[in-house]
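Structural overview
For reference, the chains in residue letters:
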Amino acid sequence: MKTEQRRLSTAEERRETVLRTAIGAFAARGYFGTTTTEVAKAAGISQAYVYRLFPNKEALFTAVVEQCFVQVRAAFERGAAEAKGSTPEAVLESMGDAYARLISDNDLLLVQLHAQAAAISEPAVRDAVRAGYARTVEYVRGASGGGAEQIQQFFATGMLCHLIVSIDATAVDAPWTRTLAAGIAHY
């Protein structure tokens with residue numbers, strides 16, 4: 001009879017599990033409304049173990065924010081690789097489409113919105129959001145070859161996508177929603 005050995009998760013594997021779980025928890029209730037107890041319960045571990053992995057809720061949330069920026073970067077990389085041309089316009093359009101697909105995952109979108117809201121009053125969150133945007137803007141600039149105005153427009157359109165998706169603007173057939181959503185892909 002073959003004896004199977006139980007393989008224990010490494011701290012890094014548990015950390016990744018906690019981050020995946022925490023994205024959903026923070027998406028549902030935001031930074032201020034989510035407790036580490038809720039994250040621990042959802043991850044199937046003790047709150048004490050969460051604190052072994054992350055010294056406090058702030059560190060956990062900033063790690064979640066960073067994880068979201070990693071996902072955004074990966075989407076932009078896919079978009080750049082799938083572009084139907086090498087002009088800045090073609091690359092930015094493809095990256096924008098990849099991002100629109102990504103934020104159809106409401107958890108990621110909600111964490112981004114909660115992070116932006118928490119950044120107003122929480123310096124560590126503000127620093128994490130700033131650092132994430134700094135890396136992301138520079139990646140988009142380098143990958144697309146776009147100028148400052150094109151990059152600004154790209155990110156402005158991304159923020160407008162957040163609004164359109166978060167208020168489900170396309171469900172309302174009105175002049176103001178058609179104006180906001182004109183030419184913007186959403187899934």
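Everything in this summary refers to the structure shown in the same document. (Residues numbered from 1 in each chain as written. Predicted model: local features only at pLDDT ≥ 70, side-chain atom pairs only at ≥ 80, totals over all residues. Heavy atoms only, no water.)

A look at the environment of Gly44
Just so we agree on the cut-off: Think of it this way: any DSSP run of H or I at least four residues long counts as a helix, any run of E at least two long counts as a strand, and we number them from the N terminus.
As for its position among the elements, Gly44 is in the loop between helix H2 (36–43) and helix H3 (47–53). Gly44 sits 27 residues away from Thr17 along the chain, and the two C-alpha atoms are 9.4 Å apart.

Quick look at empty space enclosed by the protein
A water-sized probe rolled over the atoms picks out the places where empty space is left. Going by this rule: For cavity detection a 1 Å grid was placed over the protein atoms alone, and a set of points counts as a cavity when a 1.4 Å probe fits there but cannot get out; an open set counts as a pocket when protein lies on both sides within 12 Å along at least five of seven lines, with lining residues being those that have an atom within 4 Å of a point. Grid points are joined across faces, edges and corners, and a volume is the space filled by probe spheres set on the points. Gly counts as polar in this scheme, as do all residues outside two lists: the nonpolar Ala, Val, Leu, Ile, Met, Phe, Trp, Tyr, Cys and Pro, and the charged Asp, Glu, Lys and Arg.
Going through the model one piece at a time under the given rule, you end up with two cavities of 30 Å³ or more. Roughly 50 Å³ of internal volume is contained in the largest cavity. Together, Val65, Cys68, Phe69, Val111, Gln112, Ala115, Gln116, Val129 and Tyr133 line the largest cavity. Among the elements of the structure, helix H4 (57–81), helix H6 (106–119) and helix H7 (123–144) are those that each provide at least two residues to the lining of the largest cavity. Broken down by class, the residue content of the lining of the largest cavity amounts to seven nonpolar, two polar and no charged. Space inside the second largest cavity adds up to approximately 30 Å³. Together, Ala100, Ile103, Cys161, Ile164, Val165, Ala185 and His186 line the second largest cavity.

Overview of the pattern of salt bridges
Going by this rule: Any carboxyl oxygen of Asp or Glu within 4 Å of a side-chain nitrogen of Lys or Arg constitutes a salt bridge here. Relative accessible area decides the class of each residue, using a 1.4 Å probe on protein chains only: under 20% of the type maximum gives buried, over 50% gives exposed, and in between gives partly exposed.
Applying the stated criterion across every chain, the model contains six salt bridges. A salt bridge links Glu66 to Arg135; its shortest N-O distance comes to 2.3 Å. Placement of the pair is Glu66 in helix H4 and Arg135 in helix H7, with a sequence separation of 69 residues. Its relative accessible area of 34% is what places Glu66 among the partly exposed residues. Of the charged contacts in the structure, one is a salt bridge between Asp97 and Arg101, with a shortest N-O distance of 3.3 Å. In this pair, Asp97 and Arg101 are both assigned in helix H5 (residues 88–102), four residues apart and thus about one turn of the helix distant. Among the residues examined, Asp97 registers a relative accessible area of 25% and is labelled partly exposed.

Section: helix H8 (residues 148–166)
Our working rule: To estimate how far a helix should reach, multiply one less than its number of residues by 1.5 Å. When checking whether two residues touch, look at their non-hydrogen atoms; a contact exists if any pair is within 4.5 Å.
Over its 19 residues, H8 extends 27 Å from the first C-alpha to the last, a length consistent with the 27 Å expected when each residue adds 1.5 Å. Within the sequence span of H8, burial applies to Ile151, Phe154, Phe155, Gly158, Cys161, His162 and Ile164. In this structure, the buried residues of H8 make contact with H4, H5, H6, H7 and helix H9 (175–181). Looking one or two residues beyond H8, the residue adopting positive phi is Asp168, at roughly 50 degrees.

No statement about biological role is implied by the geometric values presented.
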